[in-house]
Amino acid sequence: MQIKRHDWPRALATQSTKQLTAVLNEMTTRWTITPVQLPQTGLGMLQLRDSAFNDPYFLGEIPLASAWVSIRTEDQQEYQGAAQLMDDDQDKIEALAVCDAILAYQLPGWQALYQLVEIGMAALTQEQQLRKAMLAKTRVDFALLNATEQDDD
C-alpha cells in the first residue's frame, strides 16, 4: 500500500526526535539544509462554522508547528520540503520538513525513512482500532431505554 504524502508527517511524528535526527544525520552529511521560511511553533486558533447560521466561531487554541526547508545536494541540485503538525517541538518539525523533501524526491536513503513511515502508520492504525473498540463498548441503544420506560407504566 502506498502511503500518501499528506500522511508522512503524522506517521513520522510517532518516532522520537532523537531517532529521526539520527537517521537524517547519516543521510545529510554532505548536503546543505537551509530554511526557506523560519520554522515556527506556537498556537493556532481553530475556527469552525455554526451549522445553523454559518457564522464563524473559534473553538480554541491548538499547538501548531511549521517548517519549510531547502536541501542542496552535493551535485548542486535543490529540493524543497515542508511540514505542519499539531505539536510544539521545533526540532521535530524541522526534521519532518527535511524528511518530506527526501521522501518526495526519493533522495539517497529515502528507503530508510519510508520504513519509519510504514512503522508509524502501523502504530497509528493500531491506535485507531483500539479507539474504535473502546467506542463500541460505550455504545448505548436508546431504543432499549425507551422500552423500559413504557414497561413501568
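Scoring rules and cut-offs
The residue numbering used here restarts from 1 in each chain and proceeds along that chain's sequence as written. For a predicted model such as this one, the threshold for reporting local features is a pLDDT of at least 70, and the threshold for listing and counting side-chain atom pairs is 80 or more; totals across whole chains, interfaces and linings nevertheless cover every residue. Values shown for side chains rest on all heavy atoms present in the structure; no hydrogens or waters enter the calculation. Here a strand is any run of E in DSSP of at least two residues, a helix any run of H or I of at least four, and the numbering for each starts at the N terminus. Throughout, radius of gyration means the C-alpha value; the globule benchmark is 2.2 Å times the number of residues raised to the power 0.38. For every residue, the accessible area obtained with a 1.4 Å probe (protein chains only) is divided by the maximum for its type, and the residue is called buried under 20%, exposed over 50%, and partly exposed between those limits. Two residues form a contact once any of their heavy atoms are found within 4.5 Å. In this description, accessible areas are obtained by the Shrake-Rupley approach with a 1.4 Å probe, and a residue is regarded as covered only by the protein chains that are shown. Between any two strands, pairing holds if DSSP finds at least two bridges. Each axis is a line fitted through C-alpha atoms, and for a helix only the stretch in contact is used; angles between axes span 0 to 180 degrees, taken between their N-to-C directions. Residue count minus one, scaled by 1.5 Å, sets the expected span of a helix. Definition used for salt bridges: Asp or Glu carboxyl oxygen within 4 Å of a side-chain nitrogen of Lys or Arg. Working note: the arc is built from the helix axis to C-beta atom directions.

Student: Give me the overall build of the chain: which residues, what numbers.
Tutor: For the chain, the helix and strand inventory stands at five helices and three strands. Moving toward the C terminus, one meets the helices and strands of the chain in the order α-α-β-β-β-α-α-α. For the chain, the C-alpha radius of gyration of 22 Å lies well beyond 15 Å, the compact-globule estimate for 153 residues. Once the C-alpha set of the chain is aligned to its principal axes, its extents read approximately 85 × 35 × 25 Å. By residue count, 30% of the 153 residues in the chain fall in the buried class. Partitioning the intrachain contacts of the chain with sequence separation of at least 6 by distance along the chain shows that 60% fall at a separation of at least 24. Accessible surface, the chain: about 10,800 Å² in total, of which carbon and sulfur atoms supply 51%.

Student: Account for the sheet that holds strand E1 (residues 32–49), naming residues and giving values.
Tutor: The strand order across the open sheet built from three strands is E1-E2-E3, with neighbouring strands paired in antiparallel fashion. The strands lining the two open edges of the sheet, one partner per strand, are E1 and strand E3 (78–85). Sheet twist, expressed as the mean angle between neighbouring strand axes with direction ignored, is 15°. When strand E2 (residues 56–72) meets E3, the two strands line up antiparallel, connected through eight bridges. Residue Ala67 lies in a different strand from E3, and its bridge partner there is Ala83. Docked against the sheet, helix H3 (residues 90–104) engages E1, E2 and E3, running at close to 135° with respect to E3.

Student: Would you mind going over helix H4 (residues 110–137) in detail, with residue names and values included?
Tutor: Compared with an ideal rise of 1.5 Å per residue, which puts 28 residues at 40 Å, H4 spans 41 Å between its outermost C-alpha atoms and is within 8% of the ideal. Along H4, the positions that sit buried rather than exposed are Leu113, Tyr114, Leu116, Val117, Gly120, Met121 and Leu124. Residues of H4 that are buried make contact with helix H1 (8–12), helix H2 (17–27) and H3.

Student: Now, about the pattern of salt bridges: what can you tell me, with residues and values included?
Tutor: This model, assessed by the stated rule, comprises four salt bridges. A salt bridge links Arg131 to Glu127, with the nearest nitrogen and oxygen atoms 2.8 Å apart. Taken as a pair, Arg131 and Glu127 lie in helix H4 at a separation of four residues, close to a single helical turn. Note on Glu127: relative accessible area 36%, which makes it partly exposed.

Student: Can you break down H2 residue by residue, with the values?
Tutor: For H2, the set of buried residues is Thr17, Leu20, Val23, Leu24 and Met27. Axial view of H2: buried residues confined to an arc of 135°, hence all on one face. Turned more than 90 degrees away from the buried face of H2, the exposed residues are Lys18 and Glu26. Where H2 is buried, its residues meet H1, H3 and H4.

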